[in-house]
Structures are given as C-alpha cells and as structure tokens.
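# Observations on the three-dimensional arrangement
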Amino acid sequence: QCSDWSIRPLSQDQIDYASLDAAVTPCILLNLLDLGNFDWVDNFKIGSNEKDETLSHAISSFRFVFIESSNDAMLKKLTALRVVSDEYMVAQCWVTGMAPPKLPMTPNDEGLYIDAKGIMFVPALFVRLSRNPKSDRSSVLDMLGTQVGLSKESCLASLLEGNPDLPTDAKLEFNKKSGYVELKDSIVFFVNMPERYGEESFKRTYWNTWLDKGKVLTWYFRDEEWKDGTTSIAQKLLESRTPLQRESPRVLFVRFGQGHFICCGPVELSVTDKPTIVKRDKANQDLVE
C-alpha cells in the first residue's frame, strides 16, 4: 500500500493487491445481503416493499474505464479524471441488477462519442442535411407550414429523420440556448415571436420583427459570433445568400409564445455591406443586425 503507484509497469505484488481489493468488495456485499435475506439479488425485481425499492437504488454497480485522449474539452464532457501521469479514467454507475450503460468512447471519425452515462452523441457540425434519405430540399418542403414540435430537439429530429450521419440511437449535440444550430452544410434558425404585439415586456424580450407583410424577418447575431463577418458561422452565411445557389438550404422555424415551432422553409440571407451594432441583449452583449 505504501509503494509508488505512479511507476509503470506495476509490480506483480501491486497487481495482486489491487485485484484483491476489487474482488473482496462484492463478496462482502453478497454476504451482507444474505444476512438480510434480500431475495431480489438473485431475481431482481422491485416489488411493493418500500425497503426493497430503497435498497435497490442504494446498491449500485461501478465500472472504471481508462481513456486515452489529449482533448481537454472531450475529457470534460466524459467527466474523466486524471489518475496518474497522462492516464484518465471515466467512472460509470448504475443500479445493481439493471443493464449497464454503454462503455464511454472518445469521438470517432464521424464525431460520434459516448459519455459517462452511456449516451451516444453526434455534434451538429458533423451532420450534413444533404445526406437526408430524400433530398434535403424535399425534406424541408414536406414540413413547410406545419407545426413541427414544441422544442428544438423535436424539430431537428423531424428534419434529420433517417439521416445516416445521425444514428437512430444517438442524440444530436448542439447549444440549446442558441437561436441557431450550425450543421456541417447548413444552418437551422429558431425564432421566438411574441403572442401579442405592442406590450412593453415583449418589446424588451423579442428583437425580431416581421417586415414586408411577413416576407422578411429581422435577425440579430451577438457581435462575438459575427466579428465583422470573420467567424465560421458568418462565413457560412455569407458564402451563398440565396436558396438556389447553395447545396443545402438554410431552414427557419418560428413559434409564437410557447407554442409549436412552425417550419417556414428555406430562407435567403440579406446582409448590409457594413452591419452595425444596434442593440444590447439581456446579457448586455452587443447585437449586430
């Protein structure tokens, strides 16, 4: 126990010590359960007995997985902890008797990774709208004018249904607080509009305004996301401004109040030669029109 555990390789005595330390714990647990006569251990089933249910959630199984990665952001997502030297470990926990979660995994070439809870994610920037089973434009036009969902997640799930870049058992990773989701070849906009116009509270909360009988909608970026058109999102917006010039359309979803998002279809972008800072949002961030 007093030896140096940072030295590699470990000695045989260290390996034996660690193995015994790990093996004895479940043996102690099973003996304690036998003393308590808890029959759910062999035939796991939460019954009507309140103590059984409490105990089932109190007794957990653990798994510790070593991860090799130099990506600090990914190590943070996996809640990986440094063990010794450059080795990191991810701890997983689940209710004893239940199916264990999937093993954690760092991103593959398609960006897919599995977090400590066993949930599979694909970052939005790895998903191409052009890979939809139908053409990307048909996928959007089929949704045009319909109430799609109450959340961004449901809208994106409908938009990307069957897309091979997003496996059926994976979740799309994106910034849920942002007003847009940047895909690899497209951008999906989400705009909240007030249910009633003219009230002061709505004027302060909603900056977007319909113009030209609803054909135009004003849009604002935070200046830190625009930076005089030099950021990646700005470049993607400026490279092709009309729907027919682009390989994949930019898609707009709008909702009123807390209602369903309505798909407004493909949109084109109009930008002044020198966009100017016009307002500040609730977080005191500069906004560019």
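Residues numbered from 1 in each chain as written. Predicted model: local features only at pLDDT ≥ 70, side-chain atom pairs only at ≥ 80, totals over all residues. Heavy atoms only, no water.

Next up on the list: the sheet that holds strand β3 (residues 88-95). Ordered in space as β1-β3-β2, the 3 strands form an open sheet in which the pairing is antiparallel. Each having just a single partner strand, β1 (60-67) and β2 (81-82) make up the two edges of the open sheet. Pairing analysis gives 8 bridges linking β1 to β3, with the strands arranged antiparallel. Its bridge partner lying in β3, F64 is registered against A91. (Pairing = 2+ DSSP bridges. Helix = DSSP H or I, 4+ residues; strand = E, 2+ residues; numbered from the N terminus.)

Time to look at the packing of aromatic side chains. Following the criterion strictly, the structure yields 9 aromatic pairs and no others. On the numbers, 6.2 Å between centres and 55° between planes, the contact of W5 with Y17 is tilted. Taken together, the residues W5 in the segment before α1 (12-36) and Y17 in helix α1 connect sequence positions 12 residues apart. Relative accessible area serves as the criterion here: at 36%, Y17 is assigned to the partly exposed category. Ring pairs connect the aromatic residues Y180, F189, W219, F221 and W226, which therefore count as one cluster. Positioned above the aromatic ring of F174, the side-chain terminus of K176 is 4.9 Å from the ring centre. (Phe/Tyr/Trp six-rings, centres within 6.5 Å; stacked < 30°, edge-to-face > 60°. Buried < 20%, exposed > 50% of the residue type's maximum accessible area, 1.4 Å probe, protein only. Lys NZ or Arg CZ within 6 Å of the ring centre and 35° of its normal.)

Right, let's get into the pattern of salt bridges. One pass over the full model with this rule turns up 4 salt bridges. Residues R128 and D165 are paired through a salt bridge, measuring 3.0 Å at the closest nitrogen-oxygen approach. Taken together, the residues R128 in the loop between β5 (120-123) and α4 (136-143) and D165 in the loop between α5 (152-159) and β7 (170-173) connect sequence positions 37 residues apart. The buried category is assigned to D165, whose relative accessible area is 10%. Residues joined by salt bridges that share partners form a network here, namely R128, R131 and D165. (Salt bridge = Lys/Arg side-chain N within 4 Å of Asp/Glu carboxyl O.)

As far as function goes, none of this settles anything; it's purely spatial.
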